[in-house]
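Architecture and fold: a report
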Amino acid sequence: MSTSDENDQTGSYVHAGKAFDRDMTYIPDRITVDARDGWPVEAGRYRLAVSRACPWANRTIISRRLLGLEDSISLAIAGPTHDRRSWTFDLDEGGVDPVLGYERLQQAYFARYPDYPRGITVPAMVDVPTRAVVTNDFQQITLDLATQWTALQREGAPDLYPEERRGEIDELNRWMLHRVNNGVYKVGFAGAQADYEREYHLLWSALDELEDRLSRSRYLMGPAITEADVRLFPTLVRFDLVYYSHFKVNRQPLFTMPNLWNYTKDLFQTPGFGDTIDVEHIKEHYYAVQTDINPTRVVPLGPDPAPLIEPHDRDRFPTDTWGPGGSAPQPPLAAEVVDPAHTPLVVQGR
């Protein structure tokens, strides 16, 4: 982990006296069957750039796994930390992505927009022939993986975004985005006491609602996994690891909330979810990068992630995890297996 001045990002996240306001303007292009934006669905054409540390990128890694798109969309994995300029491919030999030939994700953005004015974010879909970014709209990417890439999905892929329930899923997802997924950041990056307290209470009110909701069904929408679960899990699995202490969302640990905690353990143990989680990358990212909150950049040794693989009680509910005709995904590709030292799961690649 570098400790250069370039990696000191003080002032990037917290602004004294101000509430946190995430810039939600992303590149709106989509990859679709009809190539409406000039980007057709095509096996092998696109590379998904992610970091295992980032919850927004985590969603796309999960969706790609569940839908069996690993052979159609390759994966570029950036390291857990970044500097003021960009995520970097420091995990790869020579610090260069082997397909794109880039050291920094920034290069893919600049290949299309030389004066790109916003943050260089993951996830990002990159066009391999031109080595230029296509989109970084994390909200839309997973929906398109579910609906536009169906011809290339594996046999038995779950319908994560069933047409008859899209309105309900969209409504729940919008609420979770503002109150939970981004809610933890609104608390953690609050620059004033009043903003912190307001967002703290809104977050915990939402988590209490989800605790109640999950007292009635195995997953958010009933007996089967949907897009809503793909969006909630990355936040919950990071809660006790980092948010509880780092973001000061410390009313209580998640493990004291029986439905949310057992739901998190259940999904962690479900193929395609927990096997995407690198605990050490998550902790290193938040504690080392966000120097506004943790100026020493000391990364805590705890908590122990082993309880994530302890028994859960979610099978007390009616269950059809993969939906009609669905099945569990294959194990991850051998090259994409999380370092065994960074996870309590024991996973064999294929």
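Placed above this text is the structure.
Quick look at the structure, then. (Residues numbered from 1 in each chain as written. Predicted model: local features only at pLDDT ≥ 70, side-chain atom pairs only at ≥ 80, totals over all residues. Heavy atoms only, no water.)

What the protein chain contains, in helices and strands, is nine helices and four strands. For the protein chain, the N- to C-terminal ordering of α and β elements is β-α-β-α-β-β-α-α-α-α-α-α-α. Relative to its length of 350 residues, the protein chain is compact, with a C-alpha radius of gyration of 19 Å against a globular reference of 20 Å. Overall size of the protein chain, expressed as C-alpha extent along the three principal axes, is 50 × 50 × 40 Å. In the protein chain, which comprises 350 residues, the share counted as buried stands at 56%. For the protein chain, the proportion of contacts with a sequence separation of at least 24, taken over those separated by at least 6, is 72%. (Helix = DSSP H or I, 4+ residues; strand = E, 2+ residues; numbered from the N terminus. Rg over C-alpha atoms; globule rule 2.2 N^0.38 Å. Buried < 20%, exposed > 50% of the residue type's maximum accessible area, 1.4 Å probe, protein only. Contact = heavy atoms within 4.5 Å.)

When you line up the elements, Thr60 lands in helix α1 (residues 55–67). Separated by 79 residues in sequence, Thr60 and Gln139 place their C-alpha atoms 9.5 Å apart. Each residue touching Thr60, except ones within four places of it in the same chain, is listed here: Leu48, Val50, Pro123, Ile141, Thr142 and Leu145.

Turning our attention to the pairing of strand β3 (residues 124–127). Looking along a regular strand, one sees side chains alternate from face to face of the sheet. Taking every second residue as pointing to the same face, both faces of β3 are buried, with Ala124 and Val126 on one and Met125 and Asp127 on the other. Note: strand β1 (residues 46–51) against β3, four bridges, orientation antiparallel. Residue pairing in the sheet places Ala49 in a bridge with Ala124 of β3. Note: β3 against strand β4 (residues 132–135), three bridges, orientation antiparallel. Pairing of Val126 across the sheet is with Val133, part of β4. Following β3, the chain reverses through four residues before pairing antiparallel with β4; Arg131 in that reversal takes a positive phi of roughly 60 degrees. (Pairing = 2+ DSSP bridges.)

It is worth spelling out the pairing of strand β2 (residues 74–78) at this point. Most of β2 sits out of view: four of its five residues are buried. In this structure, β1 lies alongside β2, joined through five bridges in parallel fashion. Across the sheet, residue Val50 finds its bridge partner in β2, namely Ile77. Once you follow β1 into α1 and on to β2, the crossover reads as right-handed. (Right-handed = clockwise from strand over helix to strand, strands pointing away.)

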